[in-house]
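So you can see what is in the structure, the chains are spelled out below.
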Amino acid sequence: MSDKGMMEKEEIFSKVLRAGRRTYFFDVRSTRADDYYLTITESKKFTNEDGSFYYKKHKIYLYKEDFDGFREILEEMTNYIINEKGEEVISERHQKDYKKEYEEEAETAASPTAEKFTDVSFDDI
């Protein structure tokens, strides 16, 4: 991937959060006007029948003008979840070793779930 060399060149500030089969990459990038913005990439590991792996990636772009709104809603959502359900994880379904059947079913609802997890991890930064 020629993309990789470019990414290294453009790397400004990066953090990685590993969460089971998901990995979140937080990257500060530069616009053409030389301002900074944030990308959050969720990379999720899947296993093929033959035991080899592949990854699915989802990326969120976050620009300065949206930081306050994003942070506000993120805080509201995470607080709501903790207030409603506590900090204890009720379902283990998003854990890395959960059975494959959940995988198929999860694909239909992949985006909302992925974003939810992505958002929560953003709070940990």
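Per the secondary structure count, the chain includes four helices and four strands. Going from N to C terminus, the chain has its helices and strands arranged as α-β-β-β-β-α-α-α. Across the 125 residues in the chain, those meeting the buried criterion constitute 22%. In the form shown here, the chain has an accessible surface area of approximately 9,800 Å², with 51% of it arising from carbon and sulfur atoms.

On to the sheet that holds strand S1 (residues 13–19). Two modes of strand pairing occur in sheets, parallel and antiparallel, and in both the strands are linked by backbone hydrogen bonds. If you trace the four strands from one edge of the open sheet to the other, you get S1-S2-S3-S4, paired in antiparallel fashion. Looking along the sheet, the strands with just one partner apiece sit at the ends: S1 and strand S4 (53–62). Shown here is a sheet whose adjacent strand axes are inclined to one another by a mean of 20°, direction ignored.

Turning our attention to the pairing of S4. Pairing between strand S3 (residues 36–47) and S4: 10 bridges, direction antiparallel. Note that in S4 the partner of Ile-40 across the bridge is Ile-60. Between S3 and S4, which pair antiparallel in sequence order, lie five residues; one of them, Gly-51, sits at a positive phi of approximately 90°.

Turning to the confidence of the model for the chain, a few remarks are in order. In low-pLDDT segments, the atomic positions of the prediction should not be examined closely. The pLDDT averaged across the chain works out to 79; a share of 65% of its residues lies at or above 70. Predicted confidence for residues 101–116 stays below pLDDT 50, and this span has 11 contacts to residues more than four positions away or in other chains.

Rules used in this analysis
Residues numbered from 1 in each chain as written. Predicted model: local features only at pLDDT ≥ 70, side-chain atom pairs only at ≥ 80, totals over all residues. Heavy atoms only, no water. Helix = DSSP H or I, 4+ residues; strand = E, 2+ residues; numbered from the N terminus. Buried < 20%, exposed > 50% of the residue type's maximum accessible area, 1.4 Å probe, protein only. Areas by Shrake-Rupley, 256 points an atom, 1.4 Å probe, with all protein chains shown as cover. Pairing = 2+ DSSP bridges. Axes fitted to C-alpha atoms, helices over the stretch in contact; angles between N-to-C directions. pLDDT = per-residue confidence, 0-100. Contact = heavy atoms within 4.5 Å.

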